Amino acid sequence: MLQDLYRKLVMEHAKYRRNYYKLDDALIKLHYKNPTCGDIMTLYLNVENDLITQAAFEGEGCSISMASCSMMTELVKGKRLEDVAILRAAFERLIRDGVIPTEVDLGDALALEGVHKLPARYNCALMPWQALDKAMLNISQYPKLLEE
Ligand code: ZN
């Protein structure tokens, strides 16, 4: 039952993508590609002090990747960089280890938990978050929580 709801939510995000537009005055614009599946995206971000004020994307790819982009931009918009780093780590654990986070709320992105059983699709789900990592390399306030 929950799986059905999650599947519907993923398909819905893939079809009606949130924050799907070109952000013309974006501080950060980054092209990113998932070579395993051919998914591509452009990530647009505006960051003020330690806050992501705007997040948008354009791209093409499989449903998992596009849903994940839609969910990720929804999740990080308006959040502090410190909290974004925590969400990012929690999402990677959800996908790679199948761990449902109890401390943080991944919002709709939780619906991608089923990807854990599909290792070939890990990169599809993680693509927007990896793009975000790359985008943050030049933002000094972003915590280095991800280097393990
Ligand atoms: Zn894909």
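Residues numbered from 1 in each chain as written. Predicted model: local features only at pLDDT ≥ 70, side-chain atom pairs only at ≥ 80, totals over all residues. Heavy atoms only, no water.

K.L.:
Would you mind showing me how to read the overall build of the protein chain here?
P.N.:
Along the backbone of the protein chain there are four helices and three strands. Order of helices (α) and strands (β) in the protein chain, N terminus to C terminus: α-β-β-β-α-α-α. Compactness check: the protein chain gives a C-alpha radius of gyration of 14 Å against a globular reference of 15 Å for 148 residues, within 12% of the reference. Evaluated residue by residue, the protein chain yields a buried proportion of 46% over its 148 residues. Contacts in the protein chain between residues far apart in sequence, at least 24 positions, make up 61% of those at least 6 positions apart. As displayed, the protein chain offers around 7,800 Å² of accessible surface, 52% of which is attributable to carbon and sulfur atoms. Looking at the protein chain, you have 18 positive and 21 negative side-chain charges, and the mean spots of the two groups are 6 Å apart. (Helix = DSSP H or I, 4+ residues; strand = E, 2+ residues; numbered from the N terminus. Rg over C-alpha atoms; globule rule 2.2 N^0.38 Å. Buried < 20%, exposed > 50% of the residue type's maximum accessible area, 1.4 Å probe, protein only. Contact = heavy atoms within 4.5 Å. Areas by Shrake-Rupley, 256 points an atom, 1.4 Å probe, with all protein chains shown as cover. Lys, Arg positive; Asp, Glu negative; His and termini not counted. Charge placed at Lys NZ, Arg CZ, Asp CG, Glu CD.)

K.L.:
Please clarify how the coordination of the zinc ion should be interpreted in this entry.
P.N.:
Metal coordination angles have textbook ideals: 109.5 degrees for a tetrahedral set of four donors and 90 or 180 degrees for an octahedral set of six. Coordination sphere of the zinc ion, protein contribution only: C37 (SG), D39 (OD), D39 (OD), C62 (SG) and C124 (SG), at 2.2 to 2.8 Å. Spacing between the donor residues of the zinc ion along the chain follows C-x1-D-x22-C-x61-C. With a relative accessible area of 35%, C37 lands in the partly exposed category. (Donors = N, O, S within 2.8 Å, 3.2 Å for Na, K, Ca; no water.)

K.L.:
Whenever I open this one, the packing of aromatic side chains confuses me. Can you help?
P.N.:
Centre distance and the angle of the planes are the two values used to describe a pair of aromatic rings. For the coordinates displayed, the defined rule picks out two aromatic pairs. When the centroid spacing of 5.4 Å and the interplanar angle of 25° are considered together, the rings of F91 and W129 count as stacked. Of this pair, F91 sits in helix 3 (residues 81–97) while W129 sits in helix 4 (residues 122–136), and the two are 38 residues apart along the sequence. Its relative accessible area of 0% is what places F91 among the buried residues. Classification of W129 by relative accessible area gives buried; the value is 0%. One Lys or Arg, R17, reaches over the ring of Y20 and ends 4.9 Å from the middle of that ring. (Phe/Tyr/Trp six-rings, centres within 6.5 Å; stacked < 30°, edge-to-face > 60°. Lys NZ or Arg CZ within 6 Å of the ring centre and 35° of its normal.)

K.L.:
For this particular structure, what's the right way to read the packing of helix 3 against helix 4?
P.N.:
To describe two helices that pack against each other, one gives the angle between their axes and the distance between the axes. As a packed pair, helix 3 and helix 4 sit with axes 10 Å apart at the nearest point and diverge in direction by 155°. Taken as axis vectors, helix 3 and helix 4 run roughly antiparallel relative to one another. Of the two elements, helix 3 crosses helix 4, and the hand of that crossing is left-handed. Between helix 3 and helix 4, the residues in contact are L81, V84, L87, R88, F91, E92, I95 and R96 and Y122, A125, L126, W129, Q130, L132, D133 and M136, respectively. Grouping the amino acids of the contact of helix 3 with helix 4 by side-chain chemistry returns 11 nonpolar, one polar and four charged. (Axes fitted to C-alpha atoms, helices over the stretch in contact; angles between N-to-C directions. Parallel < 35°, antiparallel > 145°, perpendicular 65-115°, else oblique. Left-handed = near helix turned anticlockwise from the far one by under 90°. Nonpolar A, V, L, I, M, F, W, Y, C, P; charged D, E, K, R; others polar.)

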